[in-house]
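# A closer look at the structure
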Amino acid sequence: QVQLVESGGGLVQAGGSLRLSCVVSGRTVSRSTMGWFRQPPGIEREFVAAIFSNGLTDYRDSVKGRFTISRDNAKNTVYLQMNNLKPEDTAVYYCVSASGYNGYAYYQPRMYTDWGQGTQVTVSS
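Predicted, not measured: the structure shown is a model, and the values here were computed from it. (Residues numbered from 1 in each chain as written. Predicted model: local features only at pLDDT ≥ 70, side-chain atom pairs only at ≥ 80, totals over all residues. Heavy atoms only, no water.)

With respect to the element layout, D89 can be found in the loop between β8 (77–82) and β9 (91–97). When its relative accessible area of 1% is taken as the criterion, D89 is described as buried. Among the polar contacts listed, one links the side chain of D89 to the side chain of R66, at a separation of 2.8 Å. Sequence-distant contacts of D89, defined by excluding residues within four places in its chain, comprise R38, V63, R66, F67, V121 and V123. (Helix = DSSP H or I, 4+ residues; strand = E, 2+ residues; numbered from the N terminus. Buried < 20%, exposed > 50% of the residue type's maximum accessible area, 1.4 Å probe, protein only. Polar contact = N/O pair within 3.5 Å; in protein donor to acceptor, adjacent residues only side chain to side chain. Contact = heavy atoms within 4.5 Å.)

This is how it looks when you write it as structure tokens:
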């Protein structure tokens, strides 16, 4: 059974930083596609970042240069470092993992079979 447990959300002023953590059990992060999605109020879940088994990463355009996804293989944990936060980054952030390719692209929610419970990030102006 795969479990993803996020932490690190909170309230921060615009321009501030937060680091989200996702502790994973039941799946090896270094061998999987891992990612972060977010759901702003009243909006569908949207792709934020992904890290692939080969270590390559990708991001949605609006967070490029501000967010960094990484992993610690020894701790089996994935991180999302968020800098220069903006009010439009306010959302519930979800850690996700994929059991393998299922026909969907990595930026589509249906690619991922496992989701964490979510952590709230609120950025005040």
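Taking every second residue as pointing to the same face, the buried face of strand β11 (residues 119–124) carries T119, V121 and V123, while none of Q120, T122 and S124 on the other face is buried. With three bridges joining them, β9 and β11 adopt antiparallel strand pairing. Bridging across to β11, Y93 finds its partner in T119. (Pairing = 2+ DSSP bridges.)

Across the sheet, which stays open at both edges, the four strands sit in the order β1-β3-β8-β7 with antiparallel pairing between neighbours. Two strands lie at the open edges of the sheet, namely β1 (3–7) and β7 (67–72), each paired on one side alone. Adjacent strand axes in the sheet meet at a mean angle of 15° when their direction is disregarded. Summarising the sheet, β7 and β8 pair through six bridges and their orientation is antiparallel. Bridge pairing links T68 to Q81 in β8. (Axes fitted to C-alpha atoms, helices over the stretch in contact; angles between N-to-C directions.)

Applying the stated criterion across every chain, the model contains one disulfide. Across the disulfide from C22 sits C95; the S-S distance is 2.1 Å. Judged by the torsion about the S-S bond (-80°), the C22/C95 disulfide is left-handed. Here C95 lies in strand β9 and C22 lies in strand β3 (residues 18–25), a separation of 73 residues in the sequence. Residue class for C95 comes out buried when judged on its relative accessible area of 0%. (Disulfide = S-S within 2.5 Å.)

Let us look at unusual backbone geometry. Phi angles above zero are rare outside glycine, and N76 is one such case at about 50°. Considering the arrangement of structural elements, one finds N76 in the loop between β7 and β8. By relative accessible area, which is 16% here, N76 ends up buried. The phi angle at N84 is positive, at roughly 50°, despite the residue not being glycine. Take N84: it is sitting in the loop between β8 and β9. N84 gets classed as partly exposed once you look at its relative accessible area, which sits at 41%.

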